[in-house]
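# An overview of the molecular structure
As a plain string of letters, each chain reads:
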Amino acid sequence: MTAPFAAAFAEGDPATLAARLLAQLPDGQEANLGILYVSEPAAVALPLLARELADGSGIASWVGGVGLGVCAAGQEVYETPAAVVMTASLPPDRFRLFGATDDPAADLPRRHASWIEAVAPSLALVHGDPRCDNLLRATVDTAAASGAFLVGGLVSHRCAEPLLAGDITATQRAANALGKAGIAGLLLAPEVAVATGLTQGCMPIGPVHRIDEARDNVVIAIDGRPALTVFYEDIGPALAQDPRRLGGLIFAGLPVAGSDTGDYLVRNLMAIDPAHGWVVLGAEVAPGDQIVFCRRDPDSARADMGRMLRQLKGRLSGPPKAGVYVSCIARGTALFGEPGVETALIRESLGDFPLIGFFANGEISRDRLYGHTGVLTLFT
């Protein structure tokens, strides 16, 4: 019996990507869903690639887009044309695709109201265009309108049409399934069993504090003291004496209210103001918000990924059937110094199964936008 999921990877001449991907997919799978990611150098080939894959596989429904890089089991590519594909055989009434929209609150009910009401989708694999006017609102609205837990990430901001979601048939060109602005994706019914986890690229280096005074993205006072004083205490004297080392190493974590897992949103440290004792963040904050300072390094990222994988493994009743991994562009080779580290850790912990993914401008989990994280979704 053919497995319900299969994956393929190809790198090189965009004109030959489809043929090489198809050659790796099994015969007789009878798949009805394809997930496709391409690297930015292959973006111009996406319409033709999607159409050739649809013709060659017989799969009409495709979702995915242009990543800042792509990954598969043991593969990680950024600067050359490459593509990864996953095919799946799912009950046809247990999934739906929705094309690019910057108004999911209106568009999802208009297009899929009866299906959403009937099946109550539990998960949505989504891809967002960073150029959307209000991507945070669109993310929240997608979760609210569908009732689903979102997983996914932000695709390339340098391509005219970086989103793929729709049916590609002999009478409908692939370009009709491409889009830009807003969010596009795949809705899955509860009968499609999945498990998902999020791993942080940073680890807290001090306690959670309370912001007492702030203006826009400037933190003025923390725990009743100047913000910079608290910051220096948490990072330690060595870093405090050499602020030039802070860039790319120290970040701010904004704890998620109501999270039972200690979840936090990582935001960049933009500047420090020794004259006033202020800390400037890459996000707006307000008095009463919580903050924790974090350190980003390969060891911290490996440790937290190990934590996530152990937790996921404990929730599984057997080996995963397939997986999709979305990683921040600041992770991967940029963080670990060599390619394939993250997918290797996944396979070491959970076994060998079809696994594809892409590197994102930001990651999506539940209804939130993250940075420096990895989001793993397993079909179980």
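As a starting point, this report considers the structure included with it.

Conventions and cut-offs
Residues numbered from 1 in each chain as written. Predicted model: local features only at pLDDT ≥ 70, side-chain atom pairs only at ≥ 80, totals over all residues. Heavy atoms only, no water. Helix = DSSP H or I, 4+ residues; strand = E, 2+ residues; numbered from the N terminus. Rg over C-alpha atoms; globule rule 2.2 N^0.38 Å. Buried < 20%, exposed > 50% of the residue type's maximum accessible area, 1.4 Å probe, protein only. Contact = heavy atoms within 4.5 Å. Areas by Shrake-Rupley, 256 points an atom, 1.4 Å probe, with all protein chains shown as cover. Lys, Arg positive; Asp, Glu negative; His and termini not counted. Charge placed at Lys NZ, Arg CZ, Asp CG, Glu CD. Salt bridge = Lys/Arg side-chain N within 4 Å of Asp/Glu carboxyl O. Core = buried A, V, L, I, M, F, W, Y, C linked by side-chain atoms within 4.5 Å. Pairing = 2+ DSSP bridges. Axes fitted to C-alpha atoms, helices over the stretch in contact; angles between N-to-C directions. Phe/Tyr/Trp six-rings, centres within 6.5 Å; stacked < 30°, edge-to-face > 60°. Expected span 1.5 Å × (residues − 1). Polar contact = N/O pair within 3.5 Å; in protein donor to acceptor, adjacent residues only side chain to side chain. Parallel < 35°, antiparallel > 145°, perpendicular 65-115°, else oblique. Left-handed = near helix turned anticlockwise from the far one by under 90°.

## Concerning the overall build of the chain
Within the chain, the secondary structure is distributed over nine helices and 27 strands. Against the compact-globule benchmark of 21 Å for 380 residues, the chain has a radius of gyration of 21 Å, which places it among compact chains. Each of the 380 residues in the chain was classed as buried or not, and the buried ones make up 55%. Of the contacts formed within the chain by residues at least 6 apart in sequence, a portion of 80% connects residues at least 24 apart. Entry remark: accessible area of the chain is about 15,400 Å², with carbon and sulfur atoms responsible for 51%. With 29 positive and 41 negative side-chain charges, the chain shows a spacing of 2 Å between the two charge centroids.

## A short note on the pattern of salt bridges
For the coordinates displayed, the defined rule picks out 16 salt bridges. Among the salt bridges present, the one from arginine 307 reaches aspartate 304, with a minimum N-O distance of 2.8 Å. Remark: aspartate 304 and arginine 307 occur in helix α7 (residues 298-315); sequence separation between them is three residues, near one turn of the helix. For arginine 307, a relative accessible area of 27% gives the class partly exposed. Because the salt bridges share partners, they merge into one network encompassing Asp93, Arg94 and Glu191.

## Concerning the nonpolar core
Counting 38 residues, the largest nonpolar core has Ile35, Tyr37, Leu90, Leu186 and Leu188 as the members making the most contacts within it. In this structure, leucine 188 is in contact with Leu90, Arg94, Phe95, Trp115, Pro121, Ser122, Leu123, Val194 and Phe379, ignoring residues within four places of it in sequence. Core analysis: the next-biggest nonpolar cluster, separate from the first, contains 26 residues, Ala18, Ala54, Cys159 and Ile168 among them.

## Focus on the environment of glutamate 79
Mapped onto the fold, glutamate 79 is located in the loop between β5 (75-77) and β6 (82-88). The class of glutamate 79 is exposed, set by a relative accessible area of 71%. Placed 40 residues apart in sequence, glutamate 79 and serine 39 show a C-alpha to C-alpha distance of 7.6 Å.

## Side note on the pairing of strand β12 (residues 182-188)
Judged by how many residues are buried, β12 sits mostly within the fold: seven of seven residues are covered. Both strand β7 (residues 95-101) and β12 contribute to a ladder of five bridges, which runs antiparallel. Its bridge partner lying in β12, arginine 96 is registered against leucine 187.

## Quick look at the sheet that holds strand β9 (residues 149-154)
Whether parallel or antiparallel, the strands of a sheet pair through hydrogen bonds between backbone atoms. If you trace the six strands from one edge of the open sheet to the other, you get β7-β12-β8-β9-β25-β26, paired in mixed fashion. With one partner strand each, in any of the chains shown, β7 and β26 (368-370) form the two edges of the open sheet. For this sheet, the mean inter-axis angle between neighbouring strands, taken without regard to orientation, is 20°. In this sheet, β26 lies alongside strand β25 (residues 363-366) in antiparallel orientation, the contact comprising three bridges. In the sheet register, glutamate 363 faces β26, and the bridge partner there is tyrosine 370. Contacting β7 and β12, helix α3 (residues 104-119) runs over the sheet at an angle of about 165° to β7. The sheet contacts of helix α4 (residues 135-146) involve β7, β8 (123-129), β9, β12, β25 and β26, and relative to β12 the element is tilted by about 25°.

## Topic: the packing of aromatic side chains
Under the definition given, this model contains five aromatic pairs. Here the aromatic rings of tyrosine 37 and phenylalanine 358 are separated by 4.6 Å at their centres, their planes lie at 40°, and the arrangement is tilted. Separated by 321 residues along the polypeptide, tyrosine 37 in strand β2 (residues 33-38) and phenylalanine 358 in strand β24 (residues 355-360) bring together distant segments of the chain. What makes tyrosine 37 buried here is its relative accessible area of 0%. Centre to centre, the rings of phenylalanine 231 and tyrosine 232 are 6.0 Å apart; their planes meet at 40°, and the pair counts as tilted. Assessed through its relative accessible area of 0%, phenylalanine 231 is described here as buried. The class of tyrosine 232 is partly exposed, set by a relative accessible area of 25%.

## Details of α7
In this model α7 runs 26 Å from its N-terminal to its C-terminal C-alpha over 18 residues, within 8% of the 26 Å that 1.5 Å per residue would give. Listed in full, the buried residues belonging to α7 are Ser300, Ala301, Asp304, Met305, Gly306, Met308, Leu309 and Leu312. You can read the cap of α7 off the contacts: a side-chain oxygen lies 3.2 Å from the backbone nitrogen of aspartate 299, and it is on aspartate 297.

## Some remarks on the sheet that holds strand β27 (residues 373-379)
In spatial order, the strands read β5-β4-β24-β23-β27-β13; together these six strands make up an open sheet with mixed pairing. Each edge of the open sheet is held by one strand with a lone partner, namely β5 and β13 (194-200). For this sheet the average axis-to-axis angle between neighbouring strands, irrespective of direction, equals 15°. Relative to β27, β13 runs antiparallel, the two being bridged by seven bridges. Among the inter-strand pairings, leucine 198 is bridged to a residue of β27, identified as valine 375.

## Quick word on unusual backbone geometry
Even without being a glycine, aspartate 216 presents a positive backbone phi close to 55°. Along the chain, aspartate 216 turns up in the loop between β15 (209-215) and β16 (218-222).

## Description of the environment of glycine 147
If you trace the backbone, glycine 147 turns up in the loop between α4 and β9. Taking the C-alpha atoms as reference points, glycine 147 and alanine 124, separated by 23 residues in sequence, lie 9.2 Å from one another.

## Regarding the packing of α3 against α4
Axis separation between α3 and α4 bottoms out at 9 Å; the angle between their running directions is 20°. In this view, α3 runs roughly parallel relative to α4, as classed from their interaxial angle. Like other packed secondary-structure pairs, α3 and α4 cross with a definite hand, here right-handed. Contacts from Pro104, Ala105, Leu108, Pro109 and Ile116 of α3 reach α4 at Ala138, Asp141, Thr142, Ala145 and Ser146.

Spatial relationships are all this shows, so hold off on functional conclusions.
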